[in-house]
Amino acid sequence: QRSHGPMRVRDSGPDATEPYLERARRLAPDSSLVIRTTGNWHFNNGRADEAIANYRRAIEINANDAATYRSLGRVLFRQARYDDAIEPLRTAVRLDPFSGLGSVWLADASWAVGRAEEALFRLRRIIEDRPDFAQAHDRLATYLAQTGETGLAMRHIIRARELAPDSARRWFRVCEF
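Residues numbered from 1 in each chain as written. Predicted model: local features only at pLDDT ≥ 70, side-chain atom pairs only at ≥ 80, totals over all residues. Heavy atoms only, no water.

Some remarks on the pattern of salt bridges
In step 1: Applying the stated criterion to the full structure yields eight salt bridges.
In step 2: Arg36 serves as the salt-bridge partner of Asp65, at 3.0 Å between the closest nitrogen and oxygen. Here the residue Asp65 occupies a position in the loop between helix 3 (48-61) and helix 4 (66-78), and Arg36 occupies one in helix 2 (residues 32-44), the gap between them amounting to 29 residues. Note on accessibility: Asp65 and Arg36 belong to one class, buried.
In step 3: Through salt bridges with shared partners, a single network forms among Glu87, Arg90 and Glu118. (Salt bridge = Lys/Arg side-chain N within 4 Å of Asp/Glu carboxyl O. Helix = DSSP H or I, 4+ residues; strand = E, 2+ residues; numbered from the N terminus. Buried < 20%, exposed > 50% of the residue type's maximum accessible area, 1.4 Å probe, protein only.)

Describing the packing of helix 4 against helix 5 (residues 82-95)
Packed helices, taken two at a time, are described by the angle between their axes plus the distance between the axes.
In step 1: Interaxial distance between helix 4 and helix 5 falls to 8 Å at its minimum, and their mutual angle equals 160 degrees. By the criterion of interaxial angle, the relationship of helix 4 to helix 5 is roughly antiparallel. Handedness of the crossing formed by helix 4 with helix 5: left-handed. Where helix 4 abuts helix 5, its residues Ala66, Tyr69, Arg70, Leu72, Gly73, Arg74, Leu76 and Phe77 lie against Tyr82, Asp84, Ala85, Pro88, Leu89, Thr91, Ala92 and Leu95.
In step 2: Taken together, the residues of the contact of helix 4 with helix 5 sort by class into eleven nonpolar, two polar and three charged. (Axes fitted to C-alpha atoms, helices over the stretch in contact; angles between N-to-C directions. Parallel < 35°, antiparallel > 145°, perpendicular 65-115°, else oblique. Left-handed = near helix turned anticlockwise from the far one by under 90°. Contact = heavy atoms within 4.5 Å. Nonpolar A, V, L, I, M, F, W, Y, C, P; charged D, E, K, R; others polar.)

Notes on the confidence of the model for the chain
In step 1: Summary statistics for the chain give a mean pLDDT of 87 and a share of 87% for residues scoring 70 or more.
In step 2: Note on residues 1-9: pLDDT is under 50 here. Beyond four places in sequence and across chains, it has eight contacts. (pLDDT = per-residue confidence, 0-100.)

Examining the packing of helix 7 (residues 116-129) against helix 8 (residues 134-146)
In step 1: At a minimum axis separation of 9 Å, helix 7 and helix 8 run at an interaxial angle of 150 degrees. Viewed along their axes, helix 7 and helix 8 adopt a mutual orientation that is roughly antiparallel. Remark: the crossing between helix 7 and helix 8 carries left-handed chirality. Contacts between helix 7 and helix 8 involve Leu120, Leu123, Arg124, Ile126 and Ile127 from the first element and Ala136, His137, Arg139, Leu140, Tyr143 and Leu144 from the second.
In step 2: Considered class by class, the residues forming the contact of helix 7 with helix 8 number eight nonpolar, one polar and two charged.

So, the layout of surface pockets
In step 1: Volume-wise, the second largest pocket comes out at about 220 Å³.
In step 2: Forming the walls of the second largest pocket are Val93, Pro97, Phe98, Ser99, Gly100, Ser103, Phe121, Arg122, Arg125, Ile126, Asp129 and Arg130.
In step 3: Those elements that provide at least two residues to the lining of the second largest pocket are helix 6 (100-112) and helix 7.
In step 4: Looking at the lining of the second largest pocket element by element, the count peaks at five residues for helix 7. (1 Å grid on protein atoms, 1.4 Å probe; cavity = no way out; pocket = protein on both sides within 12 Å on 5 of 7 lines; lining within 4 Å. Points joined across faces, edges and corners; volume = space filled by probe spheres on them.)

Describing the nonpolar core
In step 1: Counting 18 residues, the largest nonpolar core has Tyr55, Leu72, Val75 and Leu89 as the members making the most contacts within it.
In step 2: Those elements that place two or more of their residues in this core are helix 3, helix 4, helix 5 and helix 6.
In step 3: With residues near it in sequence (within four places) discarded, Leu72 still touches Ile52, Tyr55, Arg56, Ile59 and Pro88.
In step 4: Core analysis: the second largest hydrophobic core is formed by 16 residues, Leu123, Ile126, Ala136 and Ala153 among them. (Core = buried A, V, L, I, M, F, W, Y, C linked by side-chain atoms within 4.5 Å.)

Regarding the side chain of Arg74
In step 1: Its location among the elements puts Arg74 in helix 4.
In step 2: For the buried Arg74, which has no salt bridge, the nearest side chain bearing the opposite charge is Asp108, at an N-O separation of 11 Å.
In step 3: Sequence-distant contacts of Arg74, that is, excluding residues within four places in its chain, are made with Asn40, Phe43, Tyr55, Leu89 and Trp105. (Lys, Arg positive; Asp, Glu negative; His and termini not counted.)

Observations concerning helix 3
In step 1: Given a rise of 1.5 Å per residue, 14 residues ought to cover 20 Å, and the 20 Å separating the end C-alpha atoms of helix 3 matches this to within 8%.
In step 2: The set of residues buried in helix 3 consists of Ala48, Ala51, Ile52, Asn54, Tyr55, Ala58 and Ile59. With its buried residues spanning 165 degrees around the axis, helix 3 presents them on a single face. Away from the buried face of helix 3 by more than 90 degrees, exposed residues Asp49 and Glu60 are located. (Expected span 1.5 Å × (residues − 1). Arc of directions from axis to C-beta.)

Now the structure itself:
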């Protein structure tokens, strides 16, 4: 069976990922995948600036990698650079229109910069295309509740709970109302 490298959870001890990344960088220093993975590692270890630099370098090498654009948008969003996050997320969705996660993150960035209608439209579109995507229902419920449409929000919370019945978070959402 092929190893997928070390699996690490926060506070699970020493990080064994770095030696694997060092080996990958030696074997394929110009691989956009290795550079993106290094960016992910930096992001997960709280080094956002290094992550952004790695993502930008990976994009220079392979401008058609939706996952790299998605990762760049995620880091920028987490830094509260919402306007900056929109373009990489929009590019990620254009390159991979079936990525529900990229579309949800783009809706989040749109919402954060005050484009509520665009965010709601995007989430409704995701649900139209993928009615079984629980995260889109969950996020739409959040935004509908914030706009005062609690009845409609509850329908999406219930649907998200039906789609992910083992999710404690989604069970808790019902209690919010």
